[in-house]
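Residue-level structural notes
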Amino acid sequence: MHRYREIARDLTIQIADGAFDATGMLPPEAQLAIAFEVSRGTVRNALVLMARQGAIAPRRGSGWLVRTAVQSQRFSEMRSFAQWAWSRGLEPGGRVVAQQRRAATAAEVRLLRGGRGIGEVLEVVRLRLLNGRVMMLERTAYPSWIAPLVEDLSPEEPSVVGALEARGVRMVHGEHSIDAIAAPSDDARLLDVRRSSPLLRVKRVSYASDGRAIETGDDRYLPDVMSFQVQASLQGMSLTRQAG
């Protein structure tokens, strides 16, 4: 991962964790460069990336303004399928269909905190339901430090995020990408659709307040039951789920 992206991620985690004072301003770029032991140019690239993501905004002559409320809204919408469902009066459900410990792939090593001590992951394949209807197939890889907590959960736990928070593991930052794919054979069987049917895919990585990766996942939604909306303005940007 590029150094400026790591800095942007770390600063976003600090914002979510309330690390900055009530002025709502980030420290000066020169101070951040010293703290991260990089050039001011690298810090500037990180801040520009954060501004594009809606976490901060430039204030002429005074630095960078933290947009805490905008960032919190966007992340709370995305981090938990169950919490999103409950907030709308819907009933979430989950059903584990496969679970195993295995060697981490090269991509998982890179995503789960840059390969720091990542050798084994717990892979969980789970169907997610809404009001009893299958909505999504979720494949999640958990690093070894959190795997025992996940293994202790019920196979029908409706909210893994909520269960982990109850055990002291709080997700404060997430990275998501959305695209469309054709359903391979295994997905088609589990989702009860025809092979090559279109699926909406959300790839994600979630982090704890200390910067450790909690999970990396690949969620595949049935396209007729879920969509995502982006709302953008001069004040920032939010991304929300919408049930079909």
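Note that residues are indexed from 1 along each chain, following the sequence as it is written. For a predicted model such as this one, the threshold for reporting local features is a pLDDT of at least 70, and the threshold for listing and counting side-chain atom pairs is 80 or more; totals across whole chains, interfaces and linings nevertheless cover every residue. To get the side-chain values, take all heavy atoms of the structure and skip hydrogens and water.

Side note on the overall build of the protein
Helices and strands together make up the secondary structure of the protein, namely 9 helices and 10 strands. Out of the 244 residues belonging to the protein, those deemed buried represent 46%. Contacts between residues were defined by any pair of non-hydrogen atoms, one from each residue, lying within 4.5 Å. In the protein, the proportion of contacts linking residues at least 24 apart, taken out of those at least 6 apart, comes to 57%. In DSSP terms, a helix is any run of H or I states spanning at least four residues, a strand is any run of E spanning at least two, and both are numbered starting from the N terminus. Burial classification: accessible surface area is computed with a 1.4 Å probe over protein chains only, and a residue below 20% of its type maximum counts as buried, one above 50% as exposed, and the rest as partly exposed.

What about the sheet that holds strand β8 (residues 213-221)?
Here, a strand pair is defined by DSSP locating no fewer than two bridges between the strands. Across the sheet, which stays open at both edges, the 6 strands sit in the order β3-β4-β5-β8-β7-β6 with antiparallel pairing between neighbours. A single partner strand is all that each edge strand has here, and the edge strands are β3 (92-103) and β6 (171-182). Between one strand and the next, the sheet's axes are offset by a mean angle of 20°, whatever the strand orientation. Bridge analysis of strand β5 (residues 133-143) against β8 gives 6 bridges, and the strand direction is antiparallel. Among the inter-strand pairings, E138 is bridged to a residue of β8, identified as D219. In this analysis, axes come from line fits to C-alpha atoms, helices being fitted only over the stretch in contact, and the angle between any two N-to-C directions falls in the range 0 to 180 degrees.

Observations regarding the confidence of the model for the protein
Regions with low pLDDT carry predicted coordinates that are not meant to be interpreted in detail. Taken residue by residue, the protein gives an average pLDDT of 83. The fraction at 70 or more is 84%. Averaged pLDDT values for the elements of the protein fall to 47 in helix α4 (residues 68-79) and rise to 96 in helix α7 (residues 147-151). Here residues 69-74 scores under 50 on pLDDT; set against residues more than four positions off or in separate chains, the count is 13 contacts. What pLDDT conveys is the predictor's confidence in a given residue, as a value from 0 to 100.

Topic: the side chain of S206
Within the fold, S206 resides in strand β7 (residues 198-208). Polar contact is the term for a pair of N or O atoms within 3.5 Å; when the atoms are in protein, one must be able to donate a hydrogen and the other to accept it, and sequence-neighboring residues count only if both atoms are side-chain atoms. For S206, the side chain forms a polar contact with the side chain of E215, separated by 3.1 Å. Excluding anything up to four places from it in sequence, S206 contacts M171, H173, G174, R212, A213, I214 and E215.

A closer look at the pairing of strand β4 (residues 120-130)
Summarising burial for β4: 10 of the 11 residues are buried, a large majority. As paired strands, β3 and β4 are joined by 11 bridges and run antiparallel to one another. Among the inter-strand pairings, G94 is bridged to a residue of β4, identified as R128. Alignment of β4 against β5, held across 10 bridges, turns out to be antiparallel.

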